[in-house]
Amino acid sequence: MSIKKLDPNVDFTLNILEKGDPNVIVEEGEFFTLEIKKLFDTSVLKSLGYDLDNLIGFVLHKNELPTSVGQRLGFFNTFLNEIIHRAIYKMKLNELAELSFEVNPDLFEESFAFKNKHHSENIVHLDLKFQLRITNVEKKKPHECVIYKQDENQLFNLCLEHKADANELFKRSHIFTAFKRYHKSMSYLIIANQLINDKIRQKEENEMSESCEDDVFIKLNDLKNKLKEQKAILHSNLAMCQLKSCSYDMAIINCNKCLEIDCNNVKALFRRAQARTGCNDYDEALQDYRAALKFDPNNEEIKKRINHVESLKKTYNDAISSGLK
């Protein structure tokens, strides 16, 4: 069974060819215009059945001219697009740079990225190189783009944006990219929750003699409850991605974190059961499936899974009894 790392660390080199405006950089969440040009032969990619346009998330000119595309920093939609965004964090307006990196083609295995993929044991990595230039940045006010200057409501909205994008990416089987976007969503949620805790603590310290049941306090607590609900969902969704990569132990951890917040979460129980099945922990898997079935008694898929795991358990136990384990 193939197990893939969901957060592969691809190092890159960014060689600055022409200096840009040192006073203008792209901040997280800002829109920018990128001129990009490929500087490598795509024949190997094509021989493997991969399509470069789908790999980077936009259509490149077929000639040697740079392609101008609009992007929003941090809102990447493919594995290669995320590497490009990481490079953009280091660049300035009008700066011309060459981005180069090595990547294992197995990391491209997201269904939208290929047409008719062909495995090749002879290809360990591919050398990719792009020319990049940021030609325009739609600058926002600092409190609108710099994370530590945003309030809890802005951070919560960004959390929801990234989660919604991740959901769509997962539906298209962009598992690596969806996983990273769920993580980015979680990072905004954690910061927002810390801001709320600080404001509630300050309010309680400053108004000990007054009632805390005012509009501000109520709104903060309402938002805190929404963050808690989203945190449970995000942990469950991270587990969903980890199941796809057969990272069963990590999937169980994220399901546990979800169930600590929402013990009746059917999806988390279902996904933990899947992970436990993958670990051959059939008794615990059955326990989770049956718990999920109590909350959703008409779910035919859960019933099928219970029968399947019971069959796996019997086969496993028979093998042990026969000394064929």
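Here, every reference points to the structure presented above.
Residues numbered from 1 in each chain as written. Predicted model: local features only at pLDDT ≥ 70, side-chain atom pairs only at ≥ 80, totals over all residues. Heavy atoms only, no water.

Re the packing of aromatic side chains
Line of reasoning, step 1. In this structure the tally under the stated criterion is five aromatic pairs.
Line of reasoning, step 2. Here Y282 and Y316 contribute two aromatic rings whose centre-to-centre distance is 5.6 Å and whose plane-to-plane angle is 70 degrees, an arrangement assigned as edge-to-face. Of this pair, Y282 sits in helix 10 (residues 282–295) while Y316 sits in helix 11 (residues 300–321), and the two are 34 residues apart along the sequence.
Line of reasoning, step 3. Assessed through its relative accessible area of 10%, Y282 is described here as buried.
Line of reasoning, step 4. Of the residues examined, Y316 reaches a relative accessible area of 28% and is grouped as partly exposed. (Phe/Tyr/Trp six-rings, centres within 6.5 Å; stacked < 30°, edge-to-face > 60°. Helix = DSSP H or I, 4+ residues; strand = E, 2+ residues; numbered from the N terminus. Buried < 20%, exposed > 50% of the residue type's maximum accessible area, 1.4 Å probe, protein only.)

Here's the deal with the environment of T42
Line of reasoning, step 1. Inspection of the secondary structure puts T42 in the loop between strand 3 (31–38) and helix 1 (43–47).
Line of reasoning, step 2. T42 gets classed as buried once you look at its relative accessible area, which sits at 11%.
Line of reasoning, step 3. When the C-alpha atoms of T42 and L52 are compared, they prove to be 7.7 Å apart, with ten residues separating the residues in sequence.

Structural notes on the packing of helix 6 (residues 175–206) against helix 7 (residues 215–244)
Line of reasoning, step 1. Two numbers describe how helix 6 lies on helix 7: the axes approach to 9 Å, and their chain directions differ by 155 degrees. When the axes of helix 6 and helix 7 are compared, the pair comes out roughly antiparallel. The chirality of how helix 6 crosses helix 7 is left-handed.
Line of reasoning, step 2. For the contact of helix 6 with helix 7, a count of residues per class yields 17 nonpolar, nine polar and six charged. (Axes fitted to C-alpha atoms, helices over the stretch in contact; angles between N-to-C directions. Parallel < 35°, antiparallel > 145°, perpendicular 65-115°, else oblique. Left-handed = near helix turned anticlockwise from the far one by under 90°. Nonpolar A, V, L, I, M, F, W, Y, C, P; charged D, E, K, R; others polar.)

Comments concerning the pattern of salt bridges
Pairs can form between side chains of opposite charge whenever their charged atoms are close.
Line of reasoning, step 1. Counted by the stated rule, this structure contains 20 salt bridges.
Line of reasoning, step 2. Across the pair E28 and K184 runs a salt bridge, and its minimum N-O distance is 3.2 Å. Of the two residues, E28 sits in the loop between strand 2 (21–25) and strand 3 while K184 sits in helix 6, which places them 156 residues apart along the sequence.
Line of reasoning, step 3. The class for E28 is buried, based on a relative accessible area of 10%.
Line of reasoning, step 4. Exposure remark for K184: the relative accessible area of 19% places this residue in the buried category.
Line of reasoning, step 5. Salt bridges here are not isolated pairs; linked through shared partners, they connect R272, R276, E284 and D288. (Salt bridge = Lys/Arg side-chain N within 4 Å of Asp/Glu carboxyl O.)

Details of the packing of helix 8 (residues 248–261) against helix 9 (residues 266–278)
Line of reasoning, step 1. Direction vectors running N to C along helix 8 and helix 9 enclose 155 degrees, while the axes themselves pass 9 Å from each other. Considering their axes alone, helix 8 and helix 9 lie roughly antiparallel with respect to each other. Here the hand of the crossing between helix 8 and helix 9 comes out left-handed. Along the contact surface, helix 8 presents Y248, A251, I252, C255, N256, C258 and L259, while helix 9 presents A268, L269, R271, R272, Q274, A275, R276 and G278. (Contact = heavy atoms within 4.5 Å.)

Things to note about the sheet that holds strand 6 (residues 96–103)
The strands making up a sheet associate through backbone hydrogen bonding, with each pair oriented either parallel or antiparallel.
Line of reasoning, step 1. Ordered in space as 1-6-7-3-4, the five strands form an open sheet in which the pairing is antiparallel. Where the open sheet ends on each side, the last strands, each with one partner, are strand 1 (12–18) and strand 4 (67–72). Taking the axes of each pair of neighbouring strands and ignoring which way they run, one obtains an average angle of 30 degrees across the sheet.
Line of reasoning, step 2. Sheet analysis places strand 1 next to strand 6, joined by six bridges and oriented antiparallel. Its bridge partner lying in strand 6, E18 is registered against L96. (Pairing = 2+ DSSP bridges.)

Describing the nonpolar core
Note that soluble globular proteins tend to have their nonpolar side chains buried in a common cluster.
Line of reasoning, step 1. Of all hydrophobic cores here, the largest spans 39 residues; its most connected members are L80, I88, F101 and F108.
Line of reasoning, step 2. At the level of elements, strand 3, helix 2 (52–56), helix 3 (79–88), strand 6 and strand 7 (126–138) are the ones that each hand at least two residues to this core.
Line of reasoning, step 3. In contact with L80, not counting residues within four places along its chain, are L52, L55, I56, F101, F108 and L128.
Line of reasoning, step 4. If you look at the next biggest cluster of nonpolar residues, it comprises 26 residues, including L155, A192, L220 and L234. (Core = buried A, V, L, I, M, F, W, Y, C linked by side-chain atoms within 4.5 Å.)

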